[in-house]
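As a plain string of letters, each chain reads:
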Amino acid sequence: MKTNILIRAVAVSVAGALLCGCGQSDSTHKTTSSPAPAVKTAATAPATRPAQDPREALILSDVTQLTFGFDKAGEAYFSPDMKWIVFQASPKGMPHYQMYVAPLKWEGDKITGIGQPTRVSPEPSRNTCGFFSPDGRSLLFASTAGKEDPTVIEGGYQRKGGDYRWAFPAGMEIYRSDDWQAQVQAAGGKDIDLAKHALTDNKVYDAEDSFSPDGKWIVFCSMRSGDGDVYIMRSDGTHPVRITSNPGYDGGPFFSPDGKHLVYRSDRNKNNLLQIFTADLAFDADGNITGISAEHPITKDANVNWGPFYYPDGQHIVYATSKHGPANYGLYVIRPDGTHDKRVTYAAGIDILPAFSPDGKWLMWTSKRSANKTTQIFVAKFHPPEGW
């Protein structure tokens, strides 16, 4: 099976592009051990505002494309101060996804684009799942840095028909970089390597990582259990705790804003579909996370549902679904009890990998609504749908 890399969810093959839940994957390039020439991808192209369906325009306004010049880009997250984003992208001529950070451009209260992206991952490597710590000082991402084997093509999940895929590179580890911003600014726009401090060191896939709201914990997915489960460890990589143990691949986890719950997606029903789950975390007397006290299925349908992310109030979850067809993924918001499922995007093609800004005023996601139909990152002002 062709593969390059997963990220926080299942990968979707649309018009030759593989996209996944904690990041993206691409099977359209052959792996090569020779690094491509350095590519400077200035985000200076004018922001685009594609024609919108009137129903979408009521929910998303000021739609702006953030990334240009990459073969593909996606899975972006805001820094706590909303001055930066972290994302992964495939530069032209490079086979695997690299990790980038870029400053957001603001004009008054509007996001108008990004500044020059800085690549923070080394070549050769496959990269995914960037995320900022709550204080903004640390940056997480998963990488095969130092363990990349260009000759290995690994198998993974594939839905019947070959539309949905994810892969599990055995050399994928979780890295944390402290004081990343000072290092990026000192680099002056040059590529740098922030994959220096590994929090995991296994011969299995460890990725799909994000911080707890208090910064004390990191939730992630690991193949160390055999079929993929959610784990939580301290922010220094110690004391890993297995959270899910049911058969099937559980991944793409995020903490709720109050730090008491998780949201993730699972294929445990073994029907070639994915469903969204939440879980109530269990704590000991000292406040340490020991597991979960209860688990709740949020979606129960015949679709591929993935890429869930909490709204800042903790009472709503945005996610991507195939309910309108495998070539037309769309975003929906739903309550944690599975009610009030409301459609957000209406564009043709794919809209996936959503993330809210810390203040809840903006939604950032990955879409093929770009003029050249490549997968790029978009952002828009978010206006909650009526009755949500």
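Residues numbered from 1 in each chain as written. Predicted model: local features only at pLDDT ≥ 70, side-chain atom pairs only at ≥ 80, totals over all residues. Heavy atoms only, no water.

1. Description of the side chain of Arg-343
Relative to the assigned elements, Arg-343 resides in strand E26 (residues 342–343). A distance of 3.5 Å separates the side chain of Arg-343 from the side chain of His-324, its partner in a polar contact. A polar contact of 2.9 Å, which involves the side chain of Arg-343, links it to the backbone oxygen of Thr-345. Each residue touching Arg-343, except ones within four places of it in the same chain, is listed here: Ile-59, His-324, Asn-328, Leu-331 and Tyr-332. (Helix = DSSP H or I, 4+ residues; strand = E, 2+ residues; numbered from the N terminus. Polar contact = N/O pair within 3.5 Å; in protein donor to acceptor, adjacent residues only side chain to side chain. Contact = heavy atoms within 4.5 Å.)

2. Thoughts on the pairing of strand E19 (residues 250–255)
A large share of E19 lies buried, amounting to six of its six residues. In the sheet, E19 pairs with strand E20 (residues 261–266) via four bridges, with the strands oriented antiparallel. Its bridge partner lying in E20, Phe-255 is registered against Leu-262. In sequence, E19 turns back onto E20 through a hairpin of five residues, with Gly-259 there showing a positive phi of about 75°. (Buried < 20%, exposed > 50% of the residue type's maximum accessible area, 1.4 Å probe, protein only. Pairing = 2+ DSSP bridges.)

3. Considering the pattern of salt bridges
Applying the stated rule across the entire model yields 19 salt bridges. For the salt bridge of Arg-369 with Glu-56, the shortest nitrogen-to-oxygen distance reads 2.8 Å. With Arg-369 in the loop between strand E28 (362–367) and strand E29 (376–382) and Glu-56 in helix H1 (residues 54–57), this residue pair connects regions lying 313 residues apart in the sequence. Assessed through its relative accessible area of 9%, Arg-369 is described here as buried. (Salt bridge = Lys/Arg side-chain N within 4 Å of Asp/Glu carboxyl O.)

4. Overview of the confidence of the model for the protein
Taken as a whole, the protein shows an average pLDDT of 87; of its residues, 83% reach a score of 70 or greater. In the model, residues 1–21 has pLDDT below 50 throughout and makes 137 contacts with residues more than four positions away in sequence or in other chains. Contacts from residues 155–163, a stretch scored under 50 in pLDDT, to residues over four places away or in other chains number 29 contacts. (pLDDT = per-residue confidence, 0-100.)

5. With respect to helix H2 (residues 180–187)
Of the residues making up H2, those classed as buried are Trp-180, Val-184 and Ala-187. Taken around the axis of H2, the buried residues stretch over an arc of 60°, which confines them to a single face. Turned more than 90 degrees away from the buried face of H2 sit Gln-185 and Ala-186, all of them exposed. Turning to H2, the residues buried within the fold contact strand E6 (84–90), strand E7 (98–107), strand E9 (118–119), strand E10 (127–132), strand E11 (138–143) and strand E14 (173–178). Of the residues flanking the end of H2, it is Gly-188, one or two places downstream, whose phi is positive at about 60°. (Arc of directions from axis to C-beta.)

6. Focus: the sheet that holds E11
Strand order across the open sheet formed by three strands is E10-E11-E14, with antiparallel pairing between neighbours. Both outer strands of the open sheet, E10 and E14, are each paired with one neighbouring strand and no more. Ignoring strand direction, the axes of neighbouring strands in this sheet form an average angle of 20°. Against the sheet, H2 contacts E10, E11 and E14, and its axis sits at roughly 75° relative to E14. (Axes fitted to C-alpha atoms, helices over the stretch in contact; angles between N-to-C directions.)

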